[in-house]
Amino acid sequence: MGYDVEKTDAEWREQLSPEEYAVLRQAGTERAGVGRLTDTETTGVYRCKACQAKLFESDTKFHSGCGWPSFYQPISETIEYIEDTSHGMKRVEVRCAGCGSHLGHVFPDGYGTPTGDRYCINSVSMTLEPADGSGPVAG
């Protein structure tokens, strides 16, 4: 698939930290409970760490207890869905539609949310742009 933002592997490695590269470009997963954005309640917009595309609004974030930031709905048309059968499971991987970077997975277990979905997203794959204009917060 062609993306709005396309870079060579070397360009991605130069832009991203080793941990960010492992998650965003190699579909890795950060350890549960370590991300700076997991429990924040700051109002704002969550953006892709790789290309800064808007992904989620803070009012769709909820505390799922899974150890990663959880959202029940992305901003329209910002997410690409890929069937993932790795690790002996059937899941749906979510990627940034702007650059193809791995963000996490979506599960149909967001009980009590308006959509019933839980977008389980790696904190390191996003930045938070606070509504108060105080400057971005990296995950």
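The name recorded for the protein chain in an unreviewed UniProt entry is peptide-methionine (R)-S-oxide reductase, from Nocardioides salarius. Quoted verbatim from the Catalytic activity (unreviewed entry) field of the UniProt record, the comment on the protein chain reads "L-methionyl-[protein] + [thioredoxin]-disulfide + H2O = L-methionyl-(R)-S-oxide-[protein] + [thioredoxin]-dithiol".

(A) Molecular detail of the overall build of the protein chain. What the protein chain contains, in helices and strands, is two helices and 10 strands. From first element to last, N terminus to C terminus, the protein chain shows the α and β order α-α-β-β-β-β-β-β-β-β-β-β. Its C-alpha radius of gyration of 14 Å places the protein chain within 12% of the 14 Å reference for a compact globule of 139 residues. For the protein chain, the spread of C-alpha atoms along the principal axes amounts to about 40 × 40 × 30 Å. Per-residue burial for the protein chain yields a buried fraction of 46% across its 139 residues. Residue pairs at least 24 apart in sequence account for 52% of intrachain contacts in the protein chain once pairs closer than 6 positions are excluded. Accessible surface for the protein chain amounts to roughly 7300 Å². Of this, 48% is attributable to carbon and sulfur atoms. Taken together, the 13 basic and 21 acidic charged side chains of the protein chain have centroids lying 3 Å from each other.

(B) Expanded view of the pattern of salt bridges. In this structure the tally under the stated criterion is six salt bridges. For Arg-47, the salt bridge identified is with Glu-129, shortest N-O distance 2.7 Å. Of this pair, Arg-47 sits in strand β1 (residues 44–48) while Glu-129 sits in strand β9 (residues 126–130); the two residues are 82 residues apart in sequence, bridging distant segments of the chain. Glu-93 is the partner of Arg-95 in a salt bridge, and the nearest nitrogen-oxygen pair spans 3.1 Å. The class of Arg-95 is partly exposed, set by a relative accessible area of 25%.

(C) Molecular detail of unusual backbone geometry. Even without a glycine there, the phi angle at Ala-27 is positive, about 60°. Structurally, Ala-27 can be placed in the loop between α2 (18–24) and β1. With phi around 65°, Glu-77 is a residue other than glycine that occupies positive phi space. Topologically, Glu-77 is positioned in the loop between β4 (70–71) and β5 (79–84).

(D) Up close: the UniProt feature "domain: MsrB" (unreviewed entry) in the protein chain. Listed under "domain: MsrB" (unreviewed entry) in the UniProt record, and renumbered for this structure, are residues 9–131. Segment residues 9–131 splits into 11% helix and 33% strand. End C-alpha atoms: 33 Å apart.

(E) Representation of the sheet that holds β9 within the structure. An order of β2-β1-β9-β10 is seen for the four strands of this open sheet, with the pairing classed as antiparallel. At either end of the open sheet lies a strand with only one pairing partner, and these are β2 (54–57) and β10 (137–138). Looking at chain direction, β1 and β9 are connected through five bridges and run antiparallel. What sits directly across from Cys-48, in β9, is Met-126.

(F) Just the pairing of β2, in detail. The pairing of β1 with β2 spans three bridges and is classified as antiparallel. In the strand pairing of β2, Tyr-46 is matched with Phe-56. The antiparallel pairing of β1 with β2 creates a hairpin that spans five residues between the two strands, and Gln-52 there sits at a positive phi of about 70°.

(G) Region of the structure containing the nonpolar core. Grouped together as the largest cluster of nonpolar side chains are 22 residues, with contacts concentrated most on Leu-55, Phe-56, Leu-103, Ile-121 and Met-126. For this core, the secondary structure elements donating two or more residues are α2, β1, β2, β6 (91–96), β7 (102–107), β8 (118–121) and β9. Among all residues touching Met-126, those that are not within four sequence positions of it are Leu-37, Tyr-46, Arg-47, Lys-49, Leu-55, Phe-56, Pro-69, Phe-71, Ile-121, Ala-138 and Gly-139.

(H) Layout of the packing of aromatic side chains. This structure, assessed with the given rule, holds four aromatic pairs. The side chain of Lys-7 reaches across the aromatic face of Trp-12, ending 5.1 Å from its centre.

Rules and cut-offs
Residues numbered from 1 in each chain as written. Predicted model: local features only at pLDDT ≥ 70, side-chain atom pairs only at ≥ 80, totals over all residues. Heavy atoms only, no water. UniProt positions renumbered as here; feature names shortened; annotations may be inferred. Helix = DSSP H or I, 4+ residues; strand = E, 2+ residues; numbered from the N terminus. Rg over C-alpha atoms; globule rule 2.2 N^0.38 Å. Buried < 20%, exposed > 50% of the residue type's maximum accessible area, 1.4 Å probe, protein only. Contact = heavy atoms within 4.5 Å. Areas by Shrake-Rupley, 256 points an atom, 1.4 Å probe, with all protein chains shown as cover. Lys, Arg positive; Asp, Glu negative; His and termini not counted. Charge placed at Lys NZ, Arg CZ, Asp CG, Glu CD. Salt bridge = Lys/Arg side-chain N within 4 Å of Asp/Glu carboxyl O. Pairing = 2+ DSSP bridges. Core = buried A, V, L, I, M, F, W, Y, C linked by side-chain atoms within 4.5 Å. Phe/Tyr/Trp six-rings, centres within 6.5 Å; stacked < 30°, edge-to-face > 60°. Lys NZ or Arg CZ within 6 Å of the ring centre and 35° of its normal.

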